[in-house]
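Working through the structure, step by step
Each chain, written out:
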Amino acid sequence: MIVRPRNPNSVFTLLFALKGSIVPVIWPRVLYTMLLSLAVVVADKRGLALHFTLNAAPLTLLGLTLAIFLGFRNNVAYQRWWEARTLWGELVIASRNLARQTLSYMPTLAPAEQAWLVKNIIGFTHVLRHELRGTPADADVRRWLSPDAVADITASKNRPNAVLGMVGTAYADAARAAGVDSILMASMDREIDTLSHVLGGCERIKNTPIPFAYILLLHRTVHVYCFMLPFCLIGPLGWLTPLAVGVMAYTFFGLDAIGEQIEDPFDLLPNDLPLDALCRTVEISLLELLGEADIPDPLHPCNNVLS
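Reference entry: report on the structure contained in this document.

The rules behind these values
- Residues numbered from 1 in each chain as written.
- Predicted model: local features only at pLDDT ≥ 70, side-chain atom pairs only at ≥ 80, totals over all residues.
- Heavy atoms only, no water.
- Helix = DSSP H or I, 4+ residues; strand = E, 2+ residues; numbered from the N terminus.
- Rg over C-alpha atoms; globule rule 2.2 N^0.38 Å.
- Buried < 20%, exposed > 50% of the residue type's maximum accessible area, 1.4 Å probe, protein only.
- Contact = heavy atoms within 4.5 Å.
- Areas by Shrake-Rupley, 256 points an atom, 1.4 Å probe, with all protein chains shown as cover.
- Lys, Arg positive; Asp, Glu negative; His and termini not counted.
- Charge placed at Lys NZ, Arg CZ, Asp CG, Glu CD.
- Phe/Tyr/Trp six-rings, centres within 6.5 Å; stacked < 30°, edge-to-face > 60°.
- Core = buried A, V, L, I, M, F, W, Y, C linked by side-chain atoms within 4.5 Å.
- Axes fitted to C-alpha atoms, helices over the stretch in contact; angles between N-to-C directions.
- Parallel < 35°, antiparallel > 145°, perpendicular 65-115°, else oblique.
- Nonpolar A, V, L, I, M, F, W, Y, C, P; charged D, E, K, R; others polar.
- Polar contact = N/O pair within 3.5 Å; in protein donor to acceptor, adjacent residues only side chain to side chain.
- Left-handed = near helix turned anticlockwise from the far one by under 90°.
- Expected span 1.5 Å × (residues − 1).
- Bend = angle between axes of the 7 residues up to and from the residue.

What follows concerns the overall build of the protein chain. Within the protein chain, the secondary structure is distributed over 11 helices and 0 strands. Helices and strands appear in the protein chain in the N-to-C order α-α-α-α-α-α-α-α-α-α-α. Here the protein chain has a C-alpha radius of gyration of 26 Å; the compact-globule value for 307 residues is 19 Å, and the former is much larger. Along the first, second and third principal axes, the C-alpha set of the protein chain runs to 90 × 40 × 30 Å. Burial status across the protein chain gives 42% buried among its 307 residues. Across the protein chain, the fraction of contacts at a sequence separation of at least 24, relative to all contacts at a separation of at least 6, is 76%. Carbon and sulfur atoms provide 63% of the accessible area of the protein chain, an area that totals close to 16200 Å². Placing the 24 positive and 27 negative side-chain charges of the protein chain at their respective mean positions leaves the two points 9 Å apart.

This part is about the packing of aromatic side chains. Across all of its chains, the model carries 5 aromatic pairs by this definition. Ring centres of Tyr32 and Phe227 lie 6.1 Å apart, and the angle between their planes is 45°; on these two criteria the pair is classed as tilted. With a gap of 195 residues between them, Tyr32 in helix H2 (residues 23–45) and Phe227 in helix H9 (residues 212–237) connect regions that are remote in the sequence. Between Tyr78 and Trp81 the ring centres are 5.8 Å apart and the planes differ by 15°, which places this aromatic pair in the stacked class. Of the two residues, Tyr78 and Trp81 are both situated in helix H3 (residues 56–105); the distance of 3 residues between them amounts to about one turn of the helix. On the basis of relative accessibility, which here comes to 12%, the residue Trp81 falls in the buried class. An aromatic cluster is built from Tyr78, Trp81 and Trp82, whose rings are joined through pairwise contacts.

This part covers the nonpolar core. Of all hydrophobic cores here, the largest spans 55 residues; its most connected members are Trp88, Leu91, Met106, Phe124, Leu128, Tyr171 and Phe266. Residue assignment for this core shows that the elements contributing at least two residues are H3, helix H4 (111–133), helix H5 (138–144), helix H6 (147–155), helix H7 (159–177), helix H8 (182–207) and helix H11 (275–290). Looking at this core, the element that brings in the most residues is H3, giving 10 residues. In this structure, Leu128 is in contact with Trp88, Leu91, Pro160, Val198 and Leu199, ignoring residues within four places of it in sequence.

Look at H4 against H11: their axes get within 10 Å of each other, and the N-to-C directions meet at 180°. When the interaxial angle is binned, H4 and H11 end up roughly antiparallel. Contacts from Gln114, Ala115, Val118, Lys119, Ile121, Ile122, Thr125, His126, Arg129 and Arg133 of H4 reach H11 at Leu275, Asp276, Cys279, Val282, Glu283, Leu286, Leu287 and Leu290. Residue composition of the contact of H4 with H11, by class: 10 nonpolar, 3 polar and 5 charged.

A separate point is the side chain of Gln114. Within the secondary structure, Gln114 sits in helix H4. Reaching out from Gln114, the side chain makes a polar contact with the backbone oxygen of Met106 at a distance of 2.9 Å. Not counting residues up to four positions away in its chain, the partners in contact with Gln114 are Thr102, Leu103, Met106, Pro107, Leu109 and Leu290.

Our next topic: the packing of H9 against helix H10 (residues 241–262). Taken N-terminus to C-terminus, the directions of H9 and H10 make an angle of 165°; their axes are 9 Å apart at the nearest point. As the angle between them shows, H9 and H10 are arranged roughly antiparallel. Once H9 is placed against H10, the crossing between them reads as right-handed. Across from His219, Val222, His223, Tyr225, Cys226, Leu229, Pro230, Leu233, Ile234 and Leu237 in H9, the residues of H10 making contact are Thr241, Ala244, Val245, Met248, Ala249, Phe252, Phe253, Asp256 and Glu260. Classifying every residue of the contact of H9 with H10 gives 14 nonpolar, 3 polar and 2 charged.

Quick look at H9 now. For H9, which comprises 26 residues, the first-to-last C-alpha distance of 37 Å matches the rise-based estimate of 38 Å (1.5 Å per residue) to within 8%. Most pronounced at Phe231, the bend in H9 amounts to some 30°. What H9 keeps buried is the set Ile215, Leu218, His219, Val222, Tyr225, Cys226, Leu229, Pro230, Phe231, Cys232, Leu233 and Ile234. Just downstream of H9 lies Gly238, where phi reads positive at about 65°.

As a further point, take the side chain of Glu283. Note that Glu283 resides in helix H11. Using a relative accessible area of 2% as the deciding quantity, one classes Glu283 as buried. With sequence-adjacent residues up to four places away left out, Glu283 is seen in contact with Ile122, His126, Arg143, Trp144 and Pro296.

Note that all results are geometric; they support no functional claim without further evidence.
Shown next, in the form of structure tokens:
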């Protein structure tokens, strides 16, 4: 996730900042559109093979329609991004609540057993992060989960669900051993249900992309529109046509690329969610509740990017 600089409204930042900008992604497309426009202008000035131009009416109608569809697509992509962030916010809250209830409702448990229960929650957050990003989870599985559970979790088809099942069983057994009454057990189970809700919501976002036919139509229409621009602008603008086409291509290609980036909020692109930082937040909160001495520091942005 891009963390905005301290002076986000300065003219220099607004005009020349590249980190967090879509320019590094779309500049090849903008460049070849401008080169095409330059070729059209040169051919026109030399009287080569250009016997037609377009007036502004068809491109105005097409551009308006395209802008509406791009705006709709980007709104849908942002809703996915924000829903994912909301789910991870619920995960942080439920993890803290469950850790607090572990210490408050089961004080007769040995500190080592309390720590084991709480660290299983931390393990769940890391395993979920790796599952959503498609990265190896073995190191975090061995770090946070018990050695007896490592083999079963590693062999599971759905590792976060396997960890959550283990967490539910462990809490039920510990609550019975500690003599926790049914009302307090139900309270802890609600927090585990919240973790299950978060898992299901993240899986829904991850496994249900925006329909490909819709994305393909937008990609093709944006390219066709930008290729038609120089034939519309060459008459009134002349040699300034490539510059005007570059500005408009930047706008449309940029909107298209932004929607594509945030469509999958769990990816590793700069504008995606900072799952590493959110997992570290859970670590810090739960280890502090346990009274651990070795508390990690929060993650900080690197070049304005928080991973």
